Amino acid sequence: MKIILCLKQVPLKDSQLKITADGIWVDEKNLNFEINESDHYALEAGLRLKEKHGGEVIVISMGPAARLKQAISQALAKGADRALVINHEQPILDPLLSANLLAAAIKPENPDLVLTGLQSDDLGFGQTGVVLAELLGMPHATLVMEIQSLDGRLKIKRELESGWFQYIELPSPAVLTVQSGYAPIRYATIKGIMEAKKKPLKEMNVADLGVPMRQSVKMSKMYVPVKSKQTQILQGDAKSVAKQLAEKLKNEAKVI
Amino acid sequence: MASGILTIVEQNDGKVSRIGWEALAAAQEIGAVLNQPISALVLGKNAQAAGKAVAEAKIQQVWFAENSELLNYTPDGFSAATKQIIEKAQPQYVFAGHSYQARDYMPKLATALGRVFMSDCIGYRFEDGGVVFIRQMFQGKINADFSFTDQKSGPNFVSFQAGAVSSDKLAKGGSAAVADAGVNLSGASIRTKVLEIFEGVKGKVDLTKAEVIVSVGRGIKEKDKLPIVEELAKALGAEIAASRPVCDDGWLPMDRQIGSSGQTVAPKLYVAVGISGAIQHIVGMKGSRVVVAINKDERAPIFDLADYGVVGDLFEVVPALTAAIQEVKG
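Residues numbered from 1 in each chain as written. Chains lettered and ligands numbered in written order. Predicted model: local features only at pLDDT ≥ 70, side-chain atom pairs only at ≥ 80, totals over all residues. Heavy atoms only, no water.

A. Molecular detail of the layout of surface pockets. Each pocket or cavity is described by its volume, and for the second largest pocket that value is around 1500 Å³. What lines the second largest pocket is a set of 43 residues, and nearest its centre among them are A:E161, A:S162, B:E10, B:N12 and B:S17. Put simply, the parts of the chain that give the lining of the second largest pocket at least two residues each are β9 (164-171) of chain A together with β2 (11-12), β3 (15-16), α1 (18-34), α4 (100-112), β12 (193-199) and α7 (279-285) of chain B. Tallied by class, residues from the lining of the second largest pocket come to 15 nonpolar, 18 polar and ten charged. (1 Å grid on protein atoms, 1.4 Å probe; cavity = no way out; pocket = protein on both sides within 12 Å on 5 of 7 lines; lining within 4 Å. Points joined across faces, edges and corners; volume = space filled by probe spheres on them. Helix = DSSP H or I, 4+ residues; strand = E, 2+ residues; numbered from the N terminus. Nonpolar A, V, L, I, M, F, W, Y, C, P; charged D, E, K, R; others polar.)

In structure tokens form, the structure reads like this:
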């Protein structure tokens, strides 16, 4: 089974984000990056399928190549076989354009399965996988919790809303977007980390992909949201804030 | 030229979903400003019945399609049906609520028409005769203004997050015509086969009736630390709940999860411990009357909707709060 795994690098969850002076992105100078959370689960799903059915897991990622090395090495150390990197310095804020670039790089590989996370923690469009499926002419399933491969068909458990689930079947090749919590995420072993250094990495430039860099959406401004509530931030040491809070909940909010 | 707003109104066996009414309310407001007619589309089993309910909103036209291929939702079926209607109606905008179903097939549909899908918007503004859509980024820490680069042509696909537009704003008292959309899916290739639909946990905990909820997030770091939160819940007489990562790790059962993939609650008191407040969590708890947030990151989005906030180490604050609650409750 040849599995393509789309991986995105995003700022660390608890980063202090600073919007740039022109208001159209965050200052990346002092930021550290990590693998997007749901992509970790997609990788885990891919590695488990490979362990069961054989084949290879190919990681693909787009962004500044130098910065992506860390995320790519981590995926290779966990057991992915090789990597494709689409080098692009600026963030791409258009989900259709991102998917077009990924599709152009994925197509020549003729994969049996393409896996992505459910959504990115930075832009959150939550659609790269589905758009990719349409561009590659493959069926798709989102919010995937379980994957079984059965003679060219895939049996999938999907999450629906409010605690409901469904089992569906679809033919492969297909694109699946994996929900967080798919299966416990593995750590890389020392052996894996050593081996990762020898695994092939193919770097390409956006210009090599023959995709017109046409933007369908424009982001004009980023800003810190205005608070919808007047929040009382309580000050003091733990004991003092606890006492203030308990009294306020009793006497002011009257909820205890 | 494309004109009008087609709203895809989600329904379940004849009953219109709340997010469907919300999308219609957005369509009415934007349609009024842009001077564009509103139509609605209802798909699936008993879509006609749901369509009759939708016709009570003040809009111009309701279409329904309940072909046998649409009785079970599939992305291929819903996408093919909607595409036919869009090609006939040529709307400038296509709106929907950002449900799990919309996010499953609207990106496909938009791509099939060579268009982009502006997903999960929390609001909109009018600017220079056009519409600017507001989206959250970085898990709700930052908002951003997005627009379509060629908004005059269509269709422009947009989905709105649950609660982004209040359904109270919906103008009712209409009597739109309800017509079969005349969808023909005989040639459509429907690749997904639905085998079974089932509820995850039988006899799950019902948090929707809880008056007080103490909810714990990834800030708790490890399962062994959960008792400090359970002690607080006990002191408050509260139900314990969690954000998704805590349930993903198996530290609390899935049926204790609050958020878009879990339960939607509206207690009189909601204490969020170590929860940053990602969008998916907020949609499940923003109806709470009084919200307390305890988090070490002062910029965590949860503080934006907290009444009382404590910026600090939960491992110190929570035990102190448990003691203080026990004291004031006597």
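Past the structure itself, the notes keep going.
B. Highlighting the pattern of salt bridges. Counted under the stated rule, the structure contains 36 salt bridges over all chains. B:D76 serves as the salt-bridge partner of B:R191, at 3.0 Å between the closest nitrogen and oxygen. Remark: B:D76 occurs in helix α3 (residues 75-89) and B:R191 occurs in the loop between β11 (177-180) and β12; sequence separation between them is 115 residues. In this structure B:R191 comes out as partly exposed when scored by relative accessible area, which is 22%. The closest approach of N and O atoms between B:R115 and B:D150, which form a salt bridge, is 3.4 Å. With a gap of 35 residues between them, B:R115 in the loop between α4 and β7 (117-127) and B:D150 in the loop between β9 (142-148) and β10 (156-160) connect regions that are remote in the sequence. It is possible to trace a salt-bridge network through shared partners that takes in A:K2, A:E56, A:R82 and A:E109. (Salt bridge = Lys/Arg side-chain N within 4 Å of Asp/Glu carboxyl O. Buried < 20%, exposed > 50% of the residue type's maximum accessible area, 1.4 Å probe, protein only.)

C. Representation of empty space enclosed by the protein in the model. Residues and elements named next belong to chain A. Applying the stated criterion across every chain, the model contains six cavities of 30 Å³ or more. Every residue lining the largest cavity is counted, 40 residues in all, and those nearest its centre are K8, M62, S98, S120 and D122. Residue assignment for the lining of the largest cavity shows that the elements contributing at least two residues are β1 (2-7), β2 (9-11), β4 (56-63), α2 (65-78), α3 (95-106), β6 (113-117) and α4 (128-136). Take the lining of the largest cavity: its biggest share by element is four residues, from β4. Its residues placed into classes, the lining of the largest cavity shows 17 nonpolar, 16 polar and seven charged.

D. Looking closely at α3(A). Residue and element names in this part refer to chain A. Counted at 1.5 Å a residue, the expected span for α3 with its twelve residues is 16 Å, and the 16 Å between its end C-alpha atoms agrees. P95, L96, L97, S98, A99, L101, L102, A103, A105 and I106 are the residues of α3 that are buried. Looking at where α3 begins, the residue whose side-chain oxygen comes 2.9 Å from the main-chain nitrogen of L96 is D94. (Expected span 1.5 Å × (residues − 1). Polar contact = N/O pair within 3.5 Å; in protein donor to acceptor, adjacent residues only side chain to side chain.)

E. Structural detail: the packing of α3(B) against α4(B). All names here are of chain B. Packing of α3 against α4 brings their axes to within 9 Å, and their N-to-C directions diverge by 50 degrees. When the interaxial angle is binned, α3 and α4 end up oblique. The way α3 lies across α4 gives a crossing that is right-handed. Contacts from P75, D76, F78, S79, T82, K83 and I86 in α3 reach Q101, D104, Y105, K108, L109 and A112 in α4. In terms of residue class, the contact of α3 with α4 is made up of six nonpolar, three polar and four charged. (Axes fitted to C-alpha atoms, helices over the stretch in contact; angles between N-to-C directions. Parallel < 35°, antiparallel > 145°, perpendicular 65-115°, else oblique. Left-handed = near helix turned anticlockwise from the far one by under 90°. Contact = heavy atoms within 4.5 Å.)

F. Expanded view of the side chain of A:E169. By the secondary structure assignment, A:E169 is in strand β9. Of the residues examined, A:E169 reaches a relative accessible area of 17% and is grouped as buried. In terms of polar contacts, A:E169 uses its side chain to reach the side chain of A:R153, at 2.7 Å. Setting aside chain neighbours within four positions, we find A:E169 in contact with A:R153, A:L154, A:K155, B:R191, B:T192, B:K193 and B:L195.

G. Region of the structure containing the packing of aromatic side chains. Residue and element names in this part refer to chain B. If you walk through the whole model with that rule in mind, you get 15 aromatic pairs over all chains. Relative to F160, the ring of F133 lies with its centre 6.4 Å away and its plane at 50 degrees, an arrangement referred to as tilted. Placement of the pair is F133 in strand β8 (residues 130-137) and F160 in strand β10, with a sequence separation of 27 residues. Here F133 falls in the buried class, since its relative accessible area comes to 0%. Each residue in the set Y93, F95, Y124, F126, F133, F148 and F160 is aromatic and connected to the rest through ring pairs, giving one cluster. (Phe/Tyr/Trp six-rings, centres within 6.5 Å; stacked < 30°, edge-to-face > 60°.)

H. Seen up close, the sheet that holds strand β17 (residues 308-311) of chain B. An order of β13(A)-β17(B)-β16(B)-β15(B)-β13(B)-β14(B) is seen for the six strands of this open sheet, with the pairing classed as parallel. Edge positions in the sheet fall to β13 (232-233) of chain A together with β14 (239-242) of chain B, since each has one partner strand and no second. When strand β15 (residues 269-273) of chain B meets strand β16 (residues 290-295) of chain B, the two strands line up parallel, connected through five bridges. Bridge pairing links B:L269 to B:V290 in β16(B). Contacts from helix α6 (residues 238-252) of chain A reach β13 of chain A together with β15, β16 and β17 of chain B within the one sheet, and its direction differs from that of β17(B) by about 175 degrees. (Pairing = 2+ DSSP bridges.)

I. View of the pairing of strand β4 (residues 38-43) of chain B. Residues and elements named next belong to chain B. Within β4, six of the six residues are buried, leaving the element largely enclosed by the surrounding structure. Burial along β4 is two-sided: the face carrying I38, A40 and V42 and the face carrying S39, L41 and L43 are both buried. As judged from the four bridges shared by strand β1 (residues 5-8) and β4, these two strands associate in the parallel manner. Note on β4: the bridge partner recorded for T7 is A40. Pairing geometry for β4 and strand β5 (residues 61-65), over five bridges, is parallel. Directly across from L41, in β5, lies its bridge partner W63. The β-α-β motif built from β4, the intervening helix α2 (residues 47-54) and the parallel element β5 has right-handed crossover chirality. (Right-handed = clockwise from strand over helix to strand, strands pointing away.)

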